[in-house]
Amino acid sequence: MMELLNVNNLKVEFHRVEGIVKAVDGISYKLNKGESLGIVGESGSGKSVSVLSLLRLINRNGRIVDGEAIFLGKDLLKLNKEELRNIRGKDISIIFQNPMTSLNPIIRVGIQVMEPIIWHRLMKNEEARERAIELLERVGIPESPKRFLNYPFQFSGGMRQRVMIAMALACHPKLLIADEPTTALDVTIQAQIMELLQELKEEYGMSVIFITHDLSVATNFCDRIITMYAGKIVEEAPVEEILKTPLHPYTKGLLNSTLEIGSRGKKLVPIPGNPPNPTKHPSGCKFHPRCSFAMEICQREEPPLVNISENHRVACHLIKGESK
Ligand code: SF4
Ligand code: MG
């Protein structure tokens, strides 16, 4: 399989009054062409930062302190602003959680879908307009030639997210980053949007990085899952393996605390405690204060991320693998 993205030892810090936050603390991951990768964790786990920082879409007080991110042979972290702008919206597109804040409230939706095409000089106005109408129709906006002229406030939340998806696809990206794209929507709409994304992923042959706190949504959509906790990857495996043999207590906790479709009657068990204070991470395994399997060594030593099999990695003292 052809590799599209290779992130190596990425470290991102935020400087806050209370201290330095190591939001992403030396993580490595890969993405193949046409593959969809789910990055899952609670809020503050570093899942968004681990991807959005590659496009420098993080707060100004955030800084990439180490690492590389090779996308089609180029290190994204070394590109200048102009080079990055040429990639953003064209080769790599993003959809965010809140379509209301991502869409411009005073520009007609159709024009917003046209914008990336014009900006990247892929088509002339008339052609871009036709393509935008086609895209709106494809993502499920009825009467798209007419609704092209509407403003975002004339759409429901789900429809606005469809417009965002049309915008993201306008330039036929190789990689779509979806950062909690359905979190703000109600459950039925969520399922419809996920279904649409699934169809479009196949139609466009895109790779997708899907960032979510909801492991069950990720397992329905993705080929491979990365679980993150306190800025680190704690487990990575193909979806079937995550579902059948999750190894890290945190991944197990996430599985037991979310509802799988069709799993009526299953008892939901929340993970005890809260994610750690980001400026004061616990010693040893950062999950130890919440882990019911914690041993003495867990407070002292941070478990390394080790390979259990060719494509299953885990960081937990309970599991012995081969050190990389
Ligand atoms: Fe739990 Fe210890 Fe494994 Fe951490 S290393 S997840 S505390 S058993
Ligand atoms: Mg986030």
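Please read these numbers as outputs of a predicted model, since none were measured by experiment.

Before going further, it helps to examine the overall build of the chain. Looking only at helices and strands, the chain features 12 helices and 12 strands. Here the C-alpha atoms of the chain give a radius of gyration of 20 Å, agreeing with the 20 Å that 2.2 N^0.38 yields for 324 residues. Projected onto its principal axes, the C-alpha positions of the chain cover 65 × 50 × 45 Å. A buried classification covers 40% of the 324 residues belonging to the chain. For the chain, restricting intrachain contacts to residue pairs at least 6 apart in sequence, the fraction spanning at least 24 positions comes to 62%.

All right, on to unusual backbone geometry then. A positive phi is found at Arg56, a non-glycine position, where the angle reads about 55 degrees. Relative to the elements of secondary structure, Arg56 occurs in the loop between helix H1 (49–52) and strand S4 (62–71). Arg56 sits in the partly exposed class, given 14 other C-beta atoms within 10 Å.

This part covers the environment of Gln192. Along the chain, Gln192 turns up in helix H8 (residues 187–204). Remark: the alpha-carbon pair of Gln192 and Pro142, spanning 50 residues in sequence, is separated by 15 Å.

With respect to topology, eight strands assemble into an open sheet ordered S6-S7-S8-S3-S9-S10-S12-S11, the strand pairing being mixed. Either end of the sheet is taken by a strand with one partner, and the two such strands are strand S6 (92–95) and strand S11 (306–309). Strand-to-strand twist of the sheet, defined as the mean angle between neighbouring strand axes without regard to direction, takes the value 20 degrees. Taken together, the two bridges between strand S10 (residues 232–238) and strand S12 (residues 312–314) define a ladder with antiparallel strand orientation. Paired with Glu236 across the two strands is Arg313, which belongs to S12. Helix H7 (residues 157–169) rests against S6 and strand S7 (175–179) of the sheet, and its axis sits at about 170 degrees to S6.

Take the pairing of strand S9 (residues 224–229) next. For S9, the tally of buried residues reaches six of six residues, placing the bulk of the element in the interior. Neither face of S9 is left uncovered, since the one carrying Arg224, Ile226 and Met228 and the one carrying Ile225, Thr227 and Tyr229 both have all their residues buried. Taken together, the four bridges between strand S3 (residues 36–40) and S9 define a ladder with parallel strand orientation. Across the sheet, Val40 pairs through a bridge with Thr227, a residue of S9. Bridge count for S9 against S10 is six bridges, and the pairing is antiparallel. Residue pairing in the sheet places Arg224 in a bridge with Pro238 of S10. With antiparallel pairing between neighbouring strands as the criterion, S9 and S10 make up a hairpin whose turn holds two residues, including Ala230 at a positive phi of roughly 50 degrees.

Near ligand 1, the surroundings consist of 14 residues, among which Cys285, His288, Cys291, Cys298 and Cys316 are the closest. Broken down by class, the residue content of the shell around ligand 1 amounts to 11 nonpolar, three polar and no charged.

A separate point is the sheet that holds strand S5 (residues 74–75). Pairing is antiparallel in the open sheet, where four strands are placed in the order S2-S1-S4-S5. Bordering the open sheet on either side are strand S2 (19–32) and S5, each of which pairs with just one other strand. Of the pairings in the sheet, the one linking S4 to S5 comprises two bridges and is antiparallel in character. Of the residues in S5, the one forming a bridge with Ile70 is Asp75.

Quick look at the confidence of the model for the chain now. Taken residue by residue, the chain gives an average pLDDT of 93. The fraction at 70 or more is 96%. The ipTM for the predicted assembly is 0.98, set against a pTM of 0.94.

Once that is clear, we can look at the nonpolar core. Formed by 83 residues in total, the largest nonpolar core has its most connected members in Val113, Val163, Ala166 and Ile209. For this core, the element with the highest residue contribution is H7, accounting for eight residues. Not counting chain neighbours up to four residues away, the residues in contact with Ile209 comprise Leu31, Leu37, Ile39, Val51, Leu175 and Ile177.

Rules used throughout
Residues numbered from 1 in each chain as written. Chains lettered and ligands numbered in written order. Predicted model: local features only at pLDDT ≥ 70, side-chain atom pairs only at ≥ 80, totals over all residues. Helix = DSSP H or I, 4+ residues; strand = E, 2+ residues; numbered from the N terminus. Rg over C-alpha atoms; globule rule 2.2 N^0.38 Å. Buried ≥ 20, exposed ≤ 12 C-beta atoms within 10 Å, placed from the backbone. Contact = placed C-beta atoms within 7 Å. Pairing = 2+ DSSP bridges. Axes fitted to C-alpha atoms, helices over the stretch in contact; angles between N-to-C directions. Near = placed C-beta within 6 Å. Nonpolar A, V, L, I, M, F, W, Y, C, P; charged D, E, K, R; others polar. pLDDT = per-residue confidence, 0-100. Core = buried A, V, L, I, M, F, W, Y, C linked by C-beta atoms within 7 Å.

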